[in-house]
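Architecture at a glance
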Amino acid sequence: VNYYALKLKLRKALEVVRSRAPALMMLPCEGGVRYLNSTEICYVEVQGHELIYHTASGERLRTSGALKQAEAKLGGGFFRCNYCYLVNFSYVTKVSGNLVTVGGEELQISRNRRKAFLQQLSQFYGKGG
């Protein structure tokens, strides 16, 4: 066994594991604070100055904020397919033209981001996503 080749492969594997580690989100919602694991989020939608977190259980959590901040907190495994949607690749079931199906909902992919979206999606599933 070549030590340096093994070291390189282990380093890459650790990077993949760290990028997929779930983030715990603290969302100030009506009636208090809600803690949400990033693996439960299908996608995040922005409407005005309000973020709507769509979860796998069908729940919609509303909070104020910017999509850029949510994108920074959630990190890897999420991609901004449009100016108003941040998609979790784990819940993508279909891509057809400029539409992506996420958690049973069809969302628009912007023409400018389509190529990058498809590249990131293929990299995500290529790494075992």
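Before going into details, it helps to say that this report is about the structure given with it. (Residues numbered from 1 in each chain as written. Predicted model: local features only at pLDDT ≥ 70, side-chain atom pairs only at ≥ 80, totals over all residues. Heavy atoms only, no water.)

Right, let's get into helix α2 (residues 67-74). All of the buried residues in α2 are L67, A70 and L74. Relative to the axis of α2, the buried residues are bounded by an arc of 60° and lie together on one face. Away from its buried face by more than 90 degrees, α2 exposes K68, A72 and K73. Where α2 is buried, its residues touch β1 (24-29), β3 (41-47), β4 (50-55), β6 (78-82) and β7 (85-88). Two residues or fewer past α2, G75 is found with a positive phi of approximately 70°. (Buried < 20%, exposed > 50% of the residue type's maximum accessible area, 1.4 Å probe, protein only. Helix = DSSP H or I, 4+ residues; strand = E, 2+ residues; numbered from the N terminus. Arc of directions from axis to C-beta. Contact = heavy atoms within 4.5 Å.)

It is worth spelling out the side chain of S110 at this point. As for its position among the elements, S110 is in the loop between β10 (105-108) and α3 (111-126). For S110, a relative accessible area of 18% gives the class buried. The contact partners of S110, leaving out residues within four places of it in the chain, are C81 and N82.

With that settled, consider the nonpolar core. Counting 30 residues, the largest nonpolar core has I41, V44, Y53, V100, V102 and F117 as its most contacted members. At the level of secondary structure, the elements contributing two or more residues to this core comprise β1, β3, β4, α2, β6, β7, β9 (99-102) and α3. Ranked by the residues each element gives to this core, the list is headed by β3, at five residues. (Core = buried A, V, L, I, M, F, W, Y, C linked by side-chain atoms within 4.5 Å.)

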